[in-house]
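This is what each chain is made of:
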Amino acid sequence: MEKFIIHGGRPLEGVVTVSGSKNSAVGIIPATVLVKGPCILDNVPEISDVFLLFEILRSFGAEVTRLEKSTYRIDCSSVTPPVVADQQAVRKMRASYYLIGALLGRFGNAKVGLPGGCDFGSRPIDQHIKGFESLGAKVTVDLENCNVIAESDGLNPASIYFDIVSVGATVNVMLASVGVPGKVTIENAAKEPHVVDIANFLNAMGADIKGAGTNVIRINGGKELKGGRYEIVPDQIEAGTYMVAAAIAGGRVEVKNVIPKHMESISAKLEEAGVGIEELDDSIIVTRLDRPERINIKTQPYPGFPTDMQPQFATMLTTAVGASVITEGVYDQRFRYAAELRKMGAKIEVDGNVCVIDGVEKLHGASVRACDLRAGVSMVLAGLAAEGVTEVSEIRHIERGYEGLVEKLRSLGAEIDKVDDGAVLSDAAECCL
Ligand code: EPU
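Residues numbered from 1 in each chain as written. Predicted model: local features only at pLDDT ≥ 70, side-chain atom pairs only at ≥ 80, totals over all residues. Heavy atoms only, no water.

Undergrad: Explain the site of the ligand to me, please; I cannot follow it from the model alone.
TA: Near the ligand there are 26 residues, and of these Gln127, Ser166, Asp308, Val330 and Arg374 occur at the shortest range. Within the contact set of the ligand, an oxygen atom lies 2.6 Å away from a side-chain nitrogen or oxygen of Ser166. Among the cavities detected, the one that contains the ligand is the largest pocket. Put simply, the parts of the chain that give the shell around the ligand at least two residues each are α1 (22-31), α5 (126-134), α6 (167-177) and α12 (373-385). Here the residues of the shell around the ligand sort into twelve nonpolar, seven polar and seven charged. (Near = heavy atom within 4 Å. Polar contact = N/O pair within 3.5 Å; in protein donor to acceptor, adjacent residues only side chain to side chain. 1 Å grid on protein atoms, 1.4 Å probe; cavity = no way out; pocket = protein on both sides within 12 Å on 5 of 7 lines; lining within 4 Å. Sits in = over half its atoms within 2 Å of the grid points. Helix = DSSP H or I, 4+ residues; strand = E, 2+ residues; numbered from the N terminus. Nonpolar A, V, L, I, M, F, W, Y, C, P; charged D, E, K, R; others polar.)

Undergrad: Honestly, the sheet that holds strand β22 (residues 389-393) in this entry has me stumped. Any pointers?
TA: Hydrogen bonding along the main chain pairs the strands of a sheet, whether they run parallel or antiparallel. Read from one edge of the open sheet, four strands run β21-β22-β1-β23, paired in mixed fashion. For this open sheet the edge positions go to β21 (367-369) and β23 (415-420), each flanked by a neighbour on one side alone. The mean inter-strand angle of the sheet, taken between neighbouring strand axes irrespective of direction, is 25°. For strand β1 (residues 2-7) and β23, the ladder comprises six bridges, and the chain directions are antiparallel. Note on β23: the bridge partner recorded for Glu2 is Asp420. Here α12 sits on the sheet in contact with β1, β21, β22 and β23, set at roughly 170° to β22. (Pairing = 2+ DSSP bridges. Axes fitted to C-alpha atoms, helices over the stretch in contact; angles between N-to-C directions. Contact = heavy atoms within 4.5 Å.)

Undergrad: Honestly, the layout of surface pockets in this entry has me stumped. Any pointers?
TA: Over the atoms, a rolled probe matching the size of one water molecule traces out where space is still vacant. Approximately 1100 Å³ is the volume found for the largest pocket. Lining the largest pocket are 49 residues; nearest its centre among them are Arg123, Val167, Gly168, Val330 and Tyr331. Counting residues per element, the ones that place at least two in the lining of the largest pocket are α1, α5, α6, α7 (193-205), α8 (236-249) and α12. Among the elements that take part in the lining of the largest pocket, α1 stands out by supplying four residues, more than any other. Counting only domains with at least three residues in the lining of the largest pocket, you end up with domain 1 (2-19 + 234-431) and domain 2 (22-221). (Points joined across faces, edges and corners; volume = space filled by probe spheres on them. Domains from an automatic or database assignment.)

So, in structure tokens, the structure goes:
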């Protein structure tokens, strides 16, 4: 089993360049199914979730070619039904559910395995299904064979109101709507930067989508998507993770290739914790000299504080001066990593969706596991700050979303290595993805 070994206690210094957004890429790659022509994508993050989606598209008959580092050509022109998505691959990630919307938009029918992804408690897809049904699809969830089947004789215009703000449902229904001959309105839509990026990609390919980034998205469907070139936006959460790395380990780090506007809630919370933040055009310089101050956080849909930065901030706050309270407002179980942090000396208590952290002066190294993607990277952050050696196992979760983590941290002066201890992970453990 591969692990990260971190010798902590070194401040970070230097410049780190952020890769393309994972959550944009995992929407845009399935969206290429809607395009009857070659799409060239720049700034594609080279992470395992992206490689998995490429494999799924190839199994559909798409051509996927790496033109150079982070630039890929995807041509789904020759994809023809019946399209069968490999169930094992689909179940390894959450965003594979975008294949339902994309196949529905292109062919009016889709059969895709139930999605996997990080386990934060129940992650229903009722709003996706509600949206597809409003567009005229009949949706069956075949629990016995773990498939979602969406069928139609052609989709129809509709006005859809989501009961909750969901990134996945917004994107999925937007993808299907591109294939509707007429107008679709999505109300109470998610406003995350990656929702906007996926809409911008579709528009660049020939779609007519207005309002992405507000809570009402209007799609004038039925346009032919012919292909083109598109650059994926920088990853807001990867950028935030390096900002917190500087804040927890100390030192001065310039985080390059960011859109500062996307970072506002993260920058504001770091400043509130006494961390120095200097915004330039496409980079942010983070400076930390003393221990961070205590703060409270509540996670919310964008532009609120992102749930995907909650474990990193909780980890930073384990070494803050004073007690902090974090309220998780998006998921019902996203504090599973607290037990791992306790092994490193953190004082952290969880009650439902609230966690209270009493800052200690120093963490100490320990053997910990990556429970999921963001919790996993937070163990790495804890290791950077801790005295002694930290070993992080189950790093496959982290590699789903962070390109070149070891190289990037080493370039900042961190002492981190990836090793393979030869142990084999059982299939049963693999199913927890
Ligand atoms: N929800 C429902 N019904 C639905 C859909 C969602 O009740 O039909 C609930 C969820 O259970 C959750 C809330 O609504 O409580 C928000 O979920 P959302 O649909 O917005 O999340 P998602 O689309 O499954 C995406 C990101 C996550 C990120 C969330 C929230 C992708 C591929 N994933 O997930 O990213 O946490 O939005 O911003 O875009 C990550 O990158 O580590 C990650 C988990």
